[in-house]
Structures are given as structure tokens and as C-alpha cells.
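Per-entry structural report
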Amino acid sequence: MTALPAATDAVALWAAAQVNALGVTDWPPYGSPAWRALLFTDPRKAAAIFEAAEQWRQHRAEVDELDRLLTDDPEEWWRRVTADADAEARRVLPTLAKRPTVAEIRARASHRPPRPVTATAGWPPVAIPGRPGWYRHRGPNGEQTDLPTLRKTLETTHR
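Residues numbered from 1 in each chain as written. Predicted model: local features only at pLDDT ≥ 70, side-chain atom pairs only at ≥ 80, totals over all residues. Heavy atoms only, no water.

The next point concerns the overall build of the chain. Looking only at helices and strands, one finds 7 helices and 3 strands in the chain. In sequence order, the secondary structure elements of the chain are arranged as α-α-α-α-α-α-β-β-β-α. Intrachain contacts of the chain at a sequence separation of at least 6 include 22% that bridge at least 24 residues. Carbon and sulfur atoms make up 59% of the accessible area of the chain, which totals about 12600 Å². (Helix = DSSP H or I, 4+ residues; strand = E, 2+ residues; numbered from the N terminus. Contact = heavy atoms within 4.5 Å. Areas by Shrake-Rupley, 256 points an atom, 1.4 Å probe, with all protein chains shown as cover.)

With that settled, the discussion passes to the packing of aromatic side chains. Here the distance between the centres and the angle between the planes together describe a pair of aromatic rings. Applying the stated rule across the entire model yields 3 aromatic pairs. Ring centres of Trp14 and Phe50 lie 5.7 Å apart, and the angle between their planes is 70°; on these two criteria the pair is classed as edge-to-face. Residue Trp14 is found in helix α1 (residues 10-22), and its partner Phe50 is found in helix α3 (residues 43-72); the two are separated by 36 residues along the sequence. Pairing Trp77 with Trp78 gives two aromatic rings, centres 6.2 Å apart and planes at 45°, and the pair type is tilted. Its relative accessible area of 24% is what places Trp77 among the partly exposed residues. For Trp78, a relative accessible area of 53% corresponds to the exposed category. (Phe/Tyr/Trp six-rings, centres within 6.5 Å; stacked < 30°, edge-to-face > 60°. Buried < 20%, exposed > 50% of the residue type's maximum accessible area, 1.4 Å probe, protein only.)

Attention now goes to the pattern of salt bridges. A complete count under the given rule lists 12 salt bridges for this structure. With its nearest N and O atoms 2.7 Å apart, the salt bridge here joins Glu65 to Arg68. One end of the pair, Glu65, and the other, Arg68, are both in helix α3, 3 residues apart, so they sit about a helical turn from each other. One continuous salt-bridge network, built from bridges that share partners, spans Glu65, Arg68, Asp72, Glu76, Arg79 and Arg80. (Salt bridge = Lys/Arg side-chain N within 4 Å of Asp/Glu carboxyl O.)

Turning our eyes to something else, we now look at the sheet that holds strand β3 (residues 144-147). Taken in spatial order, the 3 strands make up an open sheet running β1-β2-β3, and their pairing is antiparallel. Edge strands, defined here as strands with exactly one partner in the open sheet, are β1 (126-127) and β3. Sheet topology note: the β1/strand β2 (residues 135-138) ladder contains 2 bridges and is antiparallel. Paired with Val126 across the two strands is Arg136, which belongs to β2. (Pairing = 2+ DSSP bridges.)

Soluble, globular proteins show a tendency: their nonpolar side chains are buried together. Counting residues in hydrophobic clusters, the biggest one holds 7 residues: Val19, Val24, Trp27, Trp35, Leu38, Ala47 and Ala48. If we ignore the near neighbours within four places in the chain, the residues touching Leu38 are Pro28, Arg44 and Lys45. (Core = buried A, V, L, I, M, F, W, Y, C linked by side-chain atoms within 4.5 Å.)

Where α1 meets α3, the axes come as close as 9 Å, and the angle between the chain directions of the two elements is 170°. Relative to α3, α1 is oriented roughly antiparallel. In this structure, α1 uses Val11, Ala12, Trp14, Ala15, Gln18, Val19 and Leu22 to contact α3, whose residues at the interface are Pro43, Ala46, Ala47, Phe50, Glu54, Arg57 and Gln58. (Axes fitted to C-alpha atoms, helices over the stretch in contact; angles between N-to-C directions. Parallel < 35°, antiparallel > 145°, perpendicular 65-115°, else oblique.)

This is the structure:
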């Protein structure tokens, strides 16, 4: 058997004693290709059968208990069937709490007004979006001036 049974579980204790009496310590899983390859007289074959039977018995006992709880104590049934999900939620909560919400992501992706076009000293004039052929220039005192062509601008600023 893979785990020691509880001292109060007489059937599990009996199954463990049967496996101990076979004198084996390991065996292939019941029904596996390795198990099928064993001779029918091999004690490992019987040990795998005991293990599978005991696992099935414990599984059925758990299912039967859950069925009873569903009828008699639905709150306890819910607590038991969601225990693994609750534990997983507690495990991932710190990571999820650091992620932005959908509303935050949408707010970041929403339309933002364009920055104003600003000409910078030492750089060429900047084309003005939505006004083809117009350029924003920086004057000698830092003022921003819009002129209709780049050519006129270069002639005006380099005089």
C-alpha cells in the first residue's frame, strides 16, 4: 500500500496486512502494461490488486459521504467540494492583486488628446498634423509661429 492506513480503518489495515504478507515492496499500477506482463503467480500482481481495490473503496466512501452531505448538510458539502479551488484562489490572489483590472486597462487604452506640436530650438520646423504644408517654427524669443511652407520658413529664419 502507498500510505499507512489510519488505525481505526479495519479494512485498510487488513489490506495492508495482506500486501505485507506477500513480501513485496513495490509493484506496477493495476492494469498497466507492466502489470499485465507479470505472471499470475507473481505476488506483485496481487499487491497491485489490493492497492487498486483499497483506492476504489476509499474513493467510493468519499463519494458516498459527499452524496450524504449534499442531502443533509449542503453548506458542508459546498465547503468540501470547493476546498481545492479556495486554496488555489488564496495561492494566486497576491499575484492577481498586482495586475490591473479590465477597467484600468481600458482607461489606459482610451483616447488621449494629442500633445501640442511644439518647435524646439536647434531642430527643424515641425509639420502640423491636419494642416498639410504648414510648419511650426520657434522664433528667436521662443515664440511658436505657424508658416505655410518649409521653404519660406527657412528663408525667413535664416536671414
